[in-house]
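Residue-level structure breakdown
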Amino acid sequence: MKSQAKTVRLSILRFDPKTDSEPHYDIFEVPTKPGMRVLDALFYILENYDRSLAFRYSCRSAVCGSDAMFINGRQRLACNTQISKLGKEITVGPLPHLPVIRDLVVDLHPFFHRMDMVKPYFEAREPFPEKEFIQAPKDREALDVAIDCIDCAACFSACPITWTDPAYPGPAAFVKGYRFIADTRDSDKASRANLLGCEDGVWRCHTIFNCADACPKSINPTYFIQYLKRKTTRLSAKL
Amino acid sequence: MISHDVIIVGGGLAGLRAAIDSSKYADTAIISRVHPLRSHTGAAQGGINAALANIEANRDDNWEKHTYDTIKGSDFLADQDAVEVMTKEGPERIIEMEHWGCPFSRTDDGKIAQRPFGGAGYPRTCYAADKTGHYLLVTAYEQVLKRKVKVYEEWFVTSLIADGDLIKGLVALDMLTGELEAFRAKAVVLATGGAGWIYAKSTNSMINTGSGMDLAYRVSVALKDMEFVQFHPTALYPTCILITEGARGEGGYLVNSQGERFMQRYAPKAMELAPRDIVSRSIQKEINEGRGINNAYVHLDVRHLGRQKILSRLPGIRDIAMEFAGIDPIDKLIPIQPAQHYTMGGVDCNSKCETKIKGLYAAGECACISVHGANRLGGNSLLDTVVFGKIAGEQAGQFAESSSWDGTDNIIQDALDAKRDHIQRLFRGSGDEDPSVLREEMRALMVEKAFMFRNGEQLKEALVRLKDLKIRLARLRQVAGSRIYNLDLIRTLELEEMLELSEVIVASALNREESRGSHVRLDFPKRDDARFLKHTLAYRTSDGPRIEFSEVKITRYQPEERKY
C-alpha cells in the first residue's frame, strides 16, 4: 500500500459467486484529495490496487442512479458522497436485500419487476389534442420532486416491508404511482387506484421513513404513500 | 444464437425513440451497455428546441427561423435539407413526448414553457425545469416498457457483422456473465451517444466512449466531421459536471476576476447567449490572458435572478453546485470552465439515417447526418434524438419487415469466434502496459493537443503519440479477475474504441486547414469556404484514417460571416 500524508481506510465487501462460498471484506488505504468522493476512491482502488473490483457507474453527477451502495451503514450514491464527511474508516457494501452479482454490483431485477406492478407508464385518453395538453402551472407543480426519482433502488433496499412482502411494490414504485395519479393529464386513475390501493399496496406501509432517509434526491416516498392512501380510497369509493 | 428483426444499440433517448417506431413494424430489441435509465440523455438539462410559438416573445417564430439559426450556428456546415427535416418535425415530436406524459414546465396559460438559448433568434427551448433530459428519458423508457420491447441491459456490443454491404447482426458481451453471444438481425440501429470520455475534461458520462462510431468505422463506414467537437462554456470547476446553458438563458452573467461581463468584448449583441463555440473561446481567452480566477476558471453569476427563480427554474444546477462545489448559487458565484461536451461528428448517414451498409442506421449523437455542422446550438441535441430516432426506427422497422432471413449463418459464427479469440488474448496478455495508464495518457493528450485552440504542429505531434499508444495497446498485461462484471475487460475494450476515434479526430482536424465553428486552427484562423465548405469523411485503413470529402447540401442559405 502506498503511504501518503492523508489517507482513509476503505473496507469493501467482495463476493464472486463463481469462486466464493461467502463474502469477505478487503481493506484498502486510499490517499485523499479535497472534494474526493467514494466513487473516486473506488476508481483509485480499481486502477492502483485491485483491478478485479466490480461496481457500477455512469454519469458521476448523481443523475443516472447507477452507483447506489451501502456506505457506512446507509444507502447512498458513491458519486455524491464526500469522503471527508465519512471519517477515516469507510465501509462499502452492495445495496442490502438485493441479490449480489459480484462485489458492489447487485441484481436490480427485483426492483424493476416490482415497479412493473404499478403500471409504470403514462396513459392518456385518445384522441390526443392537436397540440399539447393544457396543464396549469400549479397542477404541474404537484408532480415536482416525485418526478426526480433516478431509480437507484436506495429506498427499495432500505424498506423493511419490501424485504418481507414480495408482493409489495416498494417506495419508488409508489412515487411512480403518485406521479401518474397526481398528473391531471393521465386518464387511468381508476385502475391505478386498484393497483396502488390493493391489499399489498400502500396500506402495508408502516411509515417507518427509511425510504425518505435513504433517498439521495431528497424525495420523501412516505409522504406520497400517505397521499395515495387518501386518494385511492376516494377514487375507489367512486367506483 | 439470438435473433431479432431489428436490434437497436443504445438505450438513450435516440435508441428508445427508435424502438417505439421500429416495434410497430418488426420484432425489436434494445441492447445497451447500461440500463436505459442510466444513459447520458438523463444528464441533459436545459431543454429541447422547437418553434412552438407558445409565448408572447416568440409569436413570430417558425421552423424556417429555427432552420436559419441552426445553419448559421453550424457555421454553414450543416446539410440544410436535413436541418429542415429536424426543424419541421420538431414540434410534432415534442408534442408527442408531452402526450406520453413528459412533465414539461408550463406557461401561465398551461402550454409548454420556452426559454431563450444561445444562438437562437427567439426563446425556442422547451424545458422541464433544468432536468429536461432526465424527464424525456424516463418518459420514453415508460413507452418502451408499455410496448414490451425486449431490452438487453448491460450487454457490451463488441462488433457488427456485415456481409459486403448488408448488415447481418452483431456480437455482444453479456457483462453479468462475461459470455459472448452472437445476435442475428435484419437491421441494426446505432444509437450509442457521443465520445466525450476521450477528453480528460468533459461533461459527459463515463460510458460515453463513442462505441457505435467505432463499431461502424470497423465495418468500413466513414466517420464524418469528427474534428468538430463541442466545448461547453459552463462546466463546473474542477469536476466538469455540466451547468446548463439555461442558467444564462434565464439571465445569468459570465464574469471574470475583475467582475467584468467580458462577453461585451466578444459578442456585444448576444452577450452570454452567443453560440457555445464563441462563448467557450471567449472564456478561455479571458483565462489565458490572466483574467481568470486561479488561472483556471471564470464565474457564472445567477444571484440577481433571485431565490425564487433559481428554485423553480434551476433547481438541478443548484443541487450540483452545492454537492460538487460546495457553493449555493443563490448567494455565491459558480466557478466554471469550458469542457468537451458534444461530438458533432459521427457515423456518416443521410437524413433517413441510412449508412452505406444496407440495414445499418444511426441516430442521435453517434450519427452525423449532419444537422449540427461545425457547432451545435444548445437545445438541438435532444431534438435531434427524437426526430432522427423516430426516423431511424421507422426505416429499420420497415426495412426488416420487407426483408427475409437468408442462410448465411457462417459469417455470424466466424465473427463470434474472432471476438472470442480477441477476448481470450486479452485474458492471456503477457505485456506490461496498463490500460488505465494508456487511457489517461490519451485523455490528457487530447486536452493538451486537440482541444479548443489547435495548430498543425501540435496535431501532428498528437498523431505520433496516438500511434505510439496504439503500439503499446498491443502489449497489455493480462486482464484480471472473474468473467462476471469485469471492469478491467470492459474498460480495455472501451480504450480500444477510444484510441481509434482519437486518431480520427486528430487526423480530421489536421486535414482541415481552416477555422470553422468549434474547430479553430491558430495557423489557419479564417474560415475558408473555397477549400473547406465540405464534410470530412474518415475511412479506416491499416495505416490509420484515410480522409476524403463530401459535399455540403445548401438549399437556401448561402454562407455568410457569422456575427452575434
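Criteria and cut-off values
Residues numbered from 1 in each chain as written. Chains lettered and ligands numbered in written order. Predicted model: local features only at pLDDT ≥ 70, side-chain atom pairs only at ≥ 80, totals over all residues. Pairing = 2+ DSSP bridges. Helix = DSSP H or I, 4+ residues; strand = E, 2+ residues; numbered from the N terminus. Axes fitted to C-alpha atoms, helices over the stretch in contact; angles between N-to-C directions. Contact = placed C-beta atoms within 7 Å. Nonpolar A, V, L, I, M, F, W, Y, C, P; charged D, E, K, R; others polar. Domains from an automatic or database assignment. Buried ≥ 20, exposed ≤ 12 C-beta atoms within 10 Å, placed from the backbone. Core = buried A, V, L, I, M, F, W, Y, C linked by C-beta atoms within 7 Å.

**Details of the sheet that holds strand β4 (residues 74-77) of chain A**
All names here are of chain A. Across the sheet, five strands lie side by side as β2-β1-β5-β3-β4; this open sheet has mixed pairing. Across the chains shown, the open sheet's two edge strands, defined by having one partner strand only, are β2 (24-31) and β4. In this sheet, adjacent strand axes meet at a mean angle of 35° when their direction is disregarded. Relative to β4, strand β3 (residues 68-71) runs antiparallel, the two sharing four bridges. Across the sheet, Phe-70 pairs through a bridge with Gln-75, a residue of β4. Docked against the sheet, helix α1 (residues 38-48) engages β1 (7-14), β2, β3 and β5 (89-93), running at close to 100° with respect to β2.

**Comments concerning the interface of chain B and chain A**
The interface of chain B with chain A comprises 41 residues on the first partner and 42 residues on the second. Among the secondary structure elements, those contributing two or more residues to the side of chain B that touches chain A are α3 (80-99), α4 (132-146), α10 (315-325) and α15 (487-511) of chain B. With six residues, α4(B) is the largest single contributor of residues to the side of chain B that touches chain A. Residues of the side of chain B that touches chain A, tallied by class, amount to 19 nonpolar, twelve polar and ten charged.

**Describing the domain arrangement of chain B**
Residues and elements named next belong to chain B. We note that the domain assignment places domain 1 (235-338) and domain 2 (409-532) within chain B. A straight line from the C-alpha centre of domain 1 to that of domain 2 covers 32 Å. At four residues, the largest contribution of residues to the side of domain 1 that touches domain 2 is made by helix α8 (residues 276-288).

**Re the environment of B:Ala392**
Residues and elements named next belong to chain B. Relative to the helices and strands, Ala-392 is located in helix α11 (residues 380-401). According to the C-beta neighbour criterion, Ala-392 is buried, with 33 such atoms within 10 Å. Spatially, the C-alpha atom of Ala-392 lies 13 Å from that of Ala-26, the residues being 366 residues apart in sequence.

**What to know about the nonpolar core**
All names here are of chain B. Val-189 and Leu-236 are the most contacted members of the largest nonpolar core, which has 245 residues in total. With twelve residues, the single largest contributor to this core is α15. Those residues in contact with Val-189 that sit more than four places away from it in its chain are Val-6, Ile-8, Val-9, Ala-18, Tyr-361, Ala-363, Ala-392, Gly-393 and Ala-396.

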